[in-house]
Amino acid sequence: MPNKVTPYKDSKLGKKEQVTKMFDTISKDYDGLNRVISFGIDIKWRKRVVALLKKEQPQTILDIATGTGDLAIALVKTGAEKIIGLDISPGMLQVGKEKIKEKKLDPKIDMVVGDSENLSYPDHSFDAVTVSFGVRNFETLETGLAEILRVLKPGGSLVVLETSVPTRTPFKQGYHFYTKHVLPLIGKIFSKDNSAYGYLSESAAVFPHGENFNNILLKIGFIDVVNKPQTFGVASIYVARKRS
């Protein structure tokens, strides 16, 4: 994905630093706005990710770009013994920690600050890795995916939930109008950061979704790569595996 797509066009900070700043700023508003922007459908998508992984019976899961921990919390239903939610935004993690404490899931889920492109875990550490609406925020997509492959155990699964762009009429035109005009307006009205939701819309539009993302996963070294379009193609679930 082009590096020029960043939250703050005039900033001298790198993309990673800009993304951290952006999510720290909008962390308190993020969950509520997410439900509004996606009409709550994102909850259903996460349930499908959980259902896919539950069949694999993973004992250890790393949830990268965990944000406020929605997917990490949902992944408890896989039966995993330990789930680590990792994110570069301390602000988002703090919101997540409060949710986890409220649900008394502290023994099961750890929330840690970390860089998806420079993971601190040894090779072959996790049965599964998940990323929900986060891979498009990687500064260097291939580096982040290579790190995921490294920390997966042989035969382990990667499941990515990410926005995509519908290709069929009239969904394509409706999606374009919504993301270009409506989504940034909602963000501007309800968020402290006017740039954030414009960036999220723009980054989704240029992300190499569908077969293009499949091909990148294959190039990195994943096998058994498939993508499952969701809700007329506005999102996709990608499933891949590390060679045994």
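Residues numbered from 1 in each chain as written. Predicted model: local features only at pLDDT ≥ 70, side-chain atom pairs only at ≥ 80, totals over all residues. Heavy atoms only, no water.

Describing the layout of surface pockets
Space inside the largest pocket adds up to approximately 590 Å³. Forming the boundary of the largest pocket are 26 residues, of which Ile37, Ser38, Trp45, Tyr178 and Leu183 lie nearest the centre. Residue assignment for the lining of the largest pocket shows that the elements contributing at least two residues are α1 (15-37), α2 (41-54), α6 (171-190) and α7 (196-206). Sort the elements by how many residues they give to the lining of the largest pocket and α6 lands first, with 6 residues. Of the residues in the lining of the largest pocket, the class split is 16 nonpolar, 8 polar and 2 charged. Roughly 330 Å³ of internal volume is contained in the second largest pocket. For the lining of the second largest pocket, the secondary structure elements donating two or more residues are α2 and α3 (70-74). At 4 residues, the largest contribution of residues to the lining of the second largest pocket is made by α2. (1 Å grid on protein atoms, 1.4 Å probe; cavity = no way out; pocket = protein on both sides within 12 Å on 5 of 7 lines; lining within 4 Å. Points joined across faces, edges and corners; volume = space filled by probe spheres on them. Helix = DSSP H or I, 4+ residues; strand = E, 2+ residues; numbered from the N terminus. Nonpolar A, V, L, I, M, F, W, Y, C, P; charged D, E, K, R; others polar.)

A few points about the nonpolar core
Counting 27 residues, the largest nonpolar core has Leu62, Val129, Ile148, Leu158, Phe213, Leu217 and Phe222 as the members making the most contacts within it. The dominant element in this core, judged by the number of residues it contributes, is helix α5 (residues 141-151), at 5 residues. Dropping the residues within four chain positions of it, Ile148 is found in contact with Ile64, Leu119, Val129, Val131, Phe138, Leu158 and Phe222. In terms of nonpolar packing, the next biggest core, distinct from the first, is built from 23 residues, Ile83, Leu93, Leu105 and Ile109 among them. (Core = buried A, V, L, I, M, F, W, Y, C linked by side-chain atoms within 4.5 Å. Buried < 20%, exposed > 50% of the residue type's maximum accessible area, 1.4 Å probe, protein only. Contact = heavy atoms within 4.5 Å.)

Section: the pattern of salt bridges
Summed over all chains, the structure comprises 12 salt bridges. Two residues, Lys99 and Asp31, come together in a salt bridge whose shortest N-O distance is 2.8 Å. With Lys99 in helix α4 (residues 90-102) and Asp31 in helix α1, this pair connects stretches of sequence that are 68 residues apart. With its nearest N and O atoms 3.5 Å apart, the salt bridge here joins Asp110 to Lys82. Taken together, the positions of Asp110 in strand β3 (residues 109-113) and Lys82 in strand β2 (residues 82-87) put the pair 28 residues apart, joining distant regions of the chain. Using a relative accessible area of 33% as the deciding quantity, one classes Asp110 as partly exposed. (Salt bridge = Lys/Arg side-chain N within 4 Å of Asp/Glu carboxyl O.)

Thoughts on the packing of aromatic side chains
A complete count under the given rule lists 5 aromatic pairs for this structure. Ring geometry for Phe23 and Tyr30: centres 6.0 Å apart, planes at 75°, overall edge-to-face. The residues Phe23 and Tyr30 share a single accessibility class, namely buried. Cluster of aromatic residues (ring-pair linked, three or more members): Phe207, Phe213 and Tyr238. One cation-aromatic arrangement involves Lys21 over Tyr8; the distance from NZ or CZ to the ring centre is 4.9 Å. (Phe/Tyr/Trp six-rings, centres within 6.5 Å; stacked < 30°, edge-to-face > 60°. Lys NZ or Arg CZ within 6 Å of the ring centre and 35° of its normal.)

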